[in-house]
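Observations on the three-dimensional arrangement
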Amino acid sequence: MRRSLLLGSILGIVAGIVLWRAGIHPIWVGAVLVVTGLPLAWALLVPGAQGLGPVVTRFETERREVWLTIDDGPDPEDTPRVLEVLARHRAHATFFVVGERADRHLPLIQEIVHRGHEVAHHTHTHPEATFWCARSGRVERELDDTLAVLSPIGVVPRWFRAPVGIKNVFLWTATAARGMRVVGWTVRSWDSVARDPEAVAKLVLRRVRPGSILLFHEGPRLRPAVRVAALDRTLKALTDAGYACVLPDPASLR
Ligand SMILES: [Zn+2]
């Protein structure tokens, strides 16, 4: 699937050049480029799309369990409060951290691990606008710079999540070579655009199923009213509905 997608897009570009040189109207040349490029664009830009390589989007479980994931930290204001909220609700989470932020707040990373949670990889600089088209060297640097920050404190991430879920053609080779799997999500909380913590909790509860991966964020990009509060409300609602937040067995990931 991956090769055919790439080959299709390359053939489309070649066909476009041939048609353009033959004097065909630019509208038709453009149409060929768009149609042949669509599968590749879909695979790169749609967070759960599997076209270029496997993306984990849920896990197998017979119990009412979910995998809570929190992106974009660590954050000196939010992370300590998030850890308190998790402790209060007896929830476990995986923190997909940004390497340069981890570098500035290493004690927070150690505290996350110390409290029984997990640290995963969310690039070094969070290049959300350019990651999809980055060359292989840049992708490898984004991975290695963060690994170099985390490895001296004994943290070895097993999971990688692309910024805003937008992937890159070199990602699977680069993550596999570093022992990481690409993880997406099942339920997006939309906390990064929400105004009301209660609305976030309601949306998540409507969509959650056993084995769902929940996507939350921390940090200053969230509205003040929503920061940490949305997570708190959602965890209460999940507990009331009989759900537990666990770190899933890697063999159960799908
Ligand atoms: Zn992010």
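Residues numbered from 1 in each chain as written. Predicted model: local features only at pLDDT ≥ 70, side-chain atom pairs only at ≥ 80, totals over all residues. Heavy atoms only, no water.

**Looking at the environment of Leu45**
You can see Leu45 is positioned in helix α2 (residues 26–45). The partly exposed category is assigned to Leu45, whose relative accessible area is 43%. A C-alpha to C-alpha distance of 9.1 Å links Leu45 and Val164, two positions 119 residues apart in sequence. (Helix = DSSP H or I, 4+ residues; strand = E, 2+ residues; numbered from the N terminus. Buried < 20%, exposed > 50% of the residue type's maximum accessible area, 1.4 Å probe, protein only.)

**Description of the layout of surface pockets**
Left-over empty space is what a probe sized like a water molecule reveals as it rolls over the atoms. Looking at the largest pocket, its volume works out to about 180 Å³. Lining the largest pocket are 15 residues; nearest its centre among them are Asp72, Val164, Ser192, His217 and Arg221. Put simply, the parts of the chain that give the lining of the largest pocket at least two residues each are β1 (65–73) and β7 (213–217). Within the lining of the largest pocket, the residues separate by chemical class into five nonpolar, five polar and five charged. (1 Å grid on protein atoms, 1.4 Å probe; cavity = no way out; pocket = protein on both sides within 12 Å on 5 of 7 lines; lining within 4 Å. Points joined across faces, edges and corners; volume = space filled by probe spheres on them. Nonpolar A, V, L, I, M, F, W, Y, C, P; charged D, E, K, R; others polar.)

**Some remarks on empty space enclosed by the protein**
In the structure shown here, the tally under the stated rule is two cavities of 30 Å³ or more. Lining the largest cavity are 13 residues, and of these Asp191, His217, Leu222, Val228 and Leu231 sit closest to its centre. When contributions to the lining of the largest cavity are tallied by element, the ones reaching two or more residues are α3 (78–88), β7 and α9 (229–240). Counted as a void, the second largest cavity has a volume near 40 Å³. Taken together, Pro47, Val55, Arg161, Ala162, Gly165, Lys167, Val182, Val183 and Gly184 make up the full set of residues lining the second largest cavity. A class-by-class count of the residues in the lining of the second largest cavity yields five nonpolar, two polar and two charged.

**Considering the nonpolar core**
A general tendency of soluble globular proteins is for nonpolar side chains to be buried together. The biggest cluster of nonpolar side chains holds 34 residues, and the ones touching the most others in it are Leu68, Leu86, Phe95, Leu214 and Leu235. Every element with two or more residues in this core is listed here: β1, α3, β2 (93–97), α5 (106–114), α6 (136–150), α8 (197–207), β7 and α9. Aside from chain neighbours lying at most four places away, what touches Leu68 is Leu86, His92, Ala93, Thr94, Leu214, Phe216, Leu231, Leu235, Cys245 and Val246. Ranked by size, the runner-up nonpolar core spans 17 residues in total, among them Ala43, Phe131, Phe160 and Met180. (Core = buried A, V, L, I, M, F, W, Y, C linked by side-chain atoms within 4.5 Å. Contact = heavy atoms within 4.5 Å.)

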